[in-house]
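Working through the structure, step by step
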Amino acid sequence: MMNDPKNTAPAAGPQMLGGKFSLTWHLLPWVLAIIFYFTAEGYLSLGTQAIIWVLFTMSLDLALGYAGIVTLGHAALFGFGAYCAGIFSIHVTGDPLTGLLVATVLTAALGFVTGILILHTTGVTFLMLTLAILSMLFEFANSAKWLTGGDDGLQGMSIDPLLGVFEFDFFGHTAYLYSLAILFIWFVIAWQIVHSPFGKSVDGIRQSPKRMRAIGTPVWWRLVAIYTISSAMAGSAGGLLAHSTQFVGLSALSLFTSGIVAVMLILGGTKRIYGAFIGAVIYVFVQDYTAKLNPHLWEFIIGGLLIAVVLFLEGGLISLVDKARDGLARLVGKGERS
Amino acid sequence: MSDPILSVRGLSKNFGALAVAQSIDLDLKPGDRVGLIGPNGAGKTTFVNLLTGVVKPDEGQILLKGQPIQSIRPELRVRRGLARTHQINTLLVESSARDNIAVAIAERSGYAWRMLNYKKQWRECLDEAQSMLADMGIAAIGDTEVRHLPYGEQRLLEIAIAMALKPQVLLLDEPGAGVPSTEAHVIHDALDRLPAEIAILLIEHDMDLVFKFAKEIVVLVQGAVLTQGHPDEIAADPEVRAVYLGRSRD
Ligand SMILES: Nc1ncnc2c1ncn2[C@@H]1O[C@H](COP(=O)(O)OP(=O)(O)OP(=O)(O)O)[C@@H](O)[C@H]1O
Ligand SMILES: [Mg+2]
């Protein structure tokens, strides 16, 4: 009876959130990123920033979007990763991949430990605890001048050539491709995770912890697990920031940074891995472009965009891409949908 | 006569000054069909919550297959064969009906921690979920997001999810609650089709349903067992009638 074909579920249901994303659409962001590399000489460090923010936003999407962990402390993980990578490069070795791995693992450990401590709480209590952890780290980094440089920021980093070959050049060629490669690795991991049974159960916890307990889900452990993965990813993003700018400032650990990443996620669309791409890239480029016209203009523009998205575009800017995709599919007449 | 699979002894719980469980004893054997009835607020749902571990008892013992479970976590009780449905639908409303069942199957099969290399296992979960929907006569709703399902089908889904856990003891908290009487037969049929060997405790206000389904009925009033016996005895019991008389049925 189990193998009766009429009892068999159709291949990928539409609820799989882009599970049937065709290869063309999957390739698009990466192709654009490569084209950017060859055509946007002079903008590569801005591009690198965008890539790093995409990674950081994606990490928040795992925690907030998929698991429903409403945190305002995500900058703690980002900043911690950045300081780890920076301090490691000064005191141990300047090899970027080793440094990035260390930053990632240490930040995962921080996420694991803090997650264990605070993930049994919910709502406002949880929110306050994430804020408390963020401000403790901020104050520590501010006062431990001997280690972090305090409010002057961490200076004196020097990063060895990537793989012993590619120097981190002034124009940012190496940093851009390095960040893009790391983003790609994390993207593949995140995509696997959110479509996995584990990802489904985490999404279930966001919808109803009570339901998940009733089917035997160890809710708390599973939240700790996704929070740890999200932390590792945020730590990687922080590490990339340290390596690409060869500087870490206190602002990486600020509440403002937590706010920015949340705005990027909501702009792009939560619970959609590609939402992070759109939100972060648009934010970074809009900010750069409008700040040149008028130093405060970008805040209005981003604020306006955010309001428009929240009010009129459920699902974020990525839902516009969905519409475009559906429209194209209809034009081509293939009727491809996902 | 087989040994009880679930055995409850002296289970008590107070919410502040309110006694919601007063030294309750109960035995369920494989294949049992026990009805639990009582007026609103009698403590029926609380009793289920105590058994599943959502609510901690003040006193008493719960034995599942001879093992005390009153101090183990709810999810471990589920894995040992205790499943329940909810009086108020508790479903993943943004997920498809099929996914609602498949996550339960993944949990039961030990696949729910898998993050990588899971295609085949998840496929199995989805196929099993679909065949369960088909068994319940609702194969067509597999892809539908639960929030778009009619209420009666959501009630069936509650039962299907519990069954996906392959329980040995099933606690049904008013499966017919809120279902219009014209559709009640769908729930009746679903209950009739449940595997004979599992032990079932059915809480229900719909007396037709309980008296048809249960071989034994327990009457709970203010957290205490008022009486217990064959449906015919219970129906004829003047004390039970007194408790139910004048009680608003909705
Ligand atoms: N968590 C709680 N804290 C305090 N009081 C509670 C709690 N849960 C239930 N109660 C109270 O305990 C009593 C029993 O509630 P319960 O839900 O078990 O009744 P019930 O028999 O299932 O009723 P119904 O037929 O209406 O479903 C009620 O008075 C209820 O208000
Ligand atoms: Mg109840």
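Here's what I pulled together on the structure shown here.

Calculation notes
- Residues numbered from 1 in each chain as written.
- Chains lettered and ligands numbered in written order.
- Predicted model: local features only at pLDDT ≥ 70, side-chain atom pairs only at ≥ 80, totals over all residues.
- Heavy atoms only, no water.
- Helix = DSSP H or I, 4+ residues; strand = E, 2+ residues; numbered from the N terminus.
- Rg over C-alpha atoms; globule rule 2.2 N^0.38 Å.
- Buried < 20%, exposed > 50% of the residue type's maximum accessible area, 1.4 Å probe, protein only.
- Contact = heavy atoms within 4.5 Å.
- Areas by Shrake-Rupley, 256 points an atom, 1.4 Å probe, with all protein chains shown as cover.
- Lys, Arg positive; Asp, Glu negative; His and termini not counted.
- Charge placed at Lys NZ, Arg CZ, Asp CG, Glu CD.
- Pairing = 2+ DSSP bridges.
- Near = heavy atom within 4 Å.
- Polar contact = N/O pair within 3.5 Å; in protein donor to acceptor, adjacent residues only side chain to side chain.
- Nonpolar A, V, L, I, M, F, W, Y, C, P; charged D, E, K, R; others polar.
- Buried area = accessible area lost by both parts, 1.4 Å probe.
- Salt bridge = Lys/Arg side-chain N within 4 Å of Asp/Glu carboxyl O.
- Phe/Tyr/Trp six-rings, centres within 6.5 Å; stacked < 30°, edge-to-face > 60°.
- Lys NZ or Arg CZ within 6 Å of the ring centre and 35° of its normal.
- Axes fitted to C-alpha atoms, helices over the stretch in contact; angles between N-to-C directions.
- Parallel < 35°, antiparallel > 145°, perpendicular 65-115°, else oblique.
- Donors = N, O, S within 2.8 Å, 3.2 Å for Na, K, Ca; no water.

It is worth spelling out the overall build of chain A at this point. The helix and strand tally for chain A stands at 14 helices and zero strands. Helices and strands appear in chain A in the N-to-C order α-α-α-α-α-α-α-α-α-α-α-α-α-α. Relative to the compact-globule value of 20 Å for 338 residues, chain A shows a C-alpha radius of gyration of 21 Å, a close match. Taken along the three principal axes of its C-alpha coordinates, chain A extends 65 × 50 × 40 Å. In chain A, which comprises 338 residues, the proportion classed as buried is 55%. Put simply, of all contacts in chain A between residues at least 6 apart along the chain, 79% involve residues at least 24 apart. Accessible surface, chain A as shown: approximately 14,800 Å² in total, 71% of it carbon and sulfur. Mean positive and mean negative side-chain charge positions of chain A (17 and 17 charges, respectively) differ by 19 Å.

The subject of this paragraph is the pairing of strand S2 (residues 18–28) of chain B. For a regular strand, the rule is simple: side chains alternate between the two faces of the sheet. Residue and element names in this part refer to chain B. Relative to S2, strand S1 (residues 6–15) runs antiparallel, the two sharing seven bridges. For Leu11, the partnering residue across the bridge sits in S2 and is Ile24. Hairpin remark: S1 followed by S2, antiparallel, with two residues in the connecting loop; positive phi at Gly16, about 60°.

Residue and element names in this part refer to chain B. Surveying the vicinity of ligand 1 reveals 14 residues, the closest of which are Gly41, Lys44, Thr45, Thr46 and Gln87. Taking Asn40, its side chain carries an N or O atom lying 2.9 Å from an oxygen atom of ligand 1. Thr46 places a polar side-chain atom, nitrogen or oxygen, 2.5 Å from an oxygen atom of ligand 1. Elements represented by at least two residues in the shell around ligand 1 include exactly S2 and helix H1 (44–52). Among the elements that make up the shell around ligand 1, the one with the highest residue count is H1 (three residues). When the residues that make up the shell around ligand 1 are grouped by side-chain class, the tally is five nonpolar, seven polar and two charged.

Right, let's get into the interface of chain A and chain B. Each partner contributes to the interface: chain A provides 38 residues, whereas chain B provides 39 residues. Roughly 3,400 Å² is buried in total at the junction of chain A and chain B, and carbon and sulfur atoms are behind 59% of that figure. Counting the surface chain A buries against chain B, the share from its top three residues, Pro197, Arg211 and Ile215 of chain A, is 20%. Its salt-bridge partner being Arg206 of chain A, residue Glu94 of chain B comes within 3.0 Å of it at the nearest N-O pair. Summed over the shared surface of chain A and chain B, the number is 14 residue pairs in polar contact (both at pLDDT 80 or more). Counting residues per element, the ones that place at least two in the side of chain A that touches chain B are helix H7 (173–194), helix H8 (197–207), helix H9 (209–214) and helix H10 (219–245) of chain A. It is H8 of chain A that contributes the most residues to the side of chain A that touches chain B, eight residues altogether. Here the side of chain A that touches chain B is composed, by residue class, of 17 nonpolar, 13 polar and eight charged.

Considering all chains together, one arrives at 19 aromatic pairs over all chains under this definition. Every member of this aromatic cluster is reached through a ring pair, and the members are Trp30, Phe184, Phe187, Trp191, Tyr274 and Phe277 of chain A. The ring of Trp113 of chain B is capped by Arg222 of chain A, whose NZ or CZ atom sits 4.5 Å from the centre of that ring.

Tracing the backbone through its elements, the reader meets Ser208 of chain A in the loop between H8 and H9. Those residues within four positions of Ser208 of chain A in sequence are excluded, and the remaining contacts are Thr90, Leu91 and Leu92 of chain B.

Residues and elements named next belong to chain A. Packing of H7 against H10 leaves a shortest axis separation of 10 Å and a crossing angle of 175°. Classed by the angle they form, the pair H7 and H10 counts as roughly antiparallel. Contact with H7, carried on its side by Ala175, Tyr178, Ser179, Ile182, Trp186, Ala190 and Ile193, involves Ile226, Ile229, Ala232, Met233, Ser236, Leu240, His243 and Ser244 of H10 and no other residues of that element. Class assignment of the residues belonging to the contact of H7 with H10 gives a composition of 11 nonpolar, four polar and no charged.

This next bit is on the coordination of the magnesium ion (ligand 2). Residues and elements named next belong to chain B. Around the magnesium ion (ligand 2), the donor atoms from the protein are Thr45 (OG1) and Gln87 (OE1), and they sit 1.9 to 2.1 Å away. Of this pair, Thr45 sits in helix H1 while Gln87 sits in the loop between strand S6 (82–84) and helix H3 (97–109), placing them 42 residues apart in sequence. What makes Gln87 partly exposed here is its relative accessible area of 28%.

One non-glycine residue, Lys65 of chain B, adopts positive backbone phi at about 50°. Summarising the element assignment, Lys65 of chain B is placed in the loop between strand S4 (59–64) and strand S5 (67–68).

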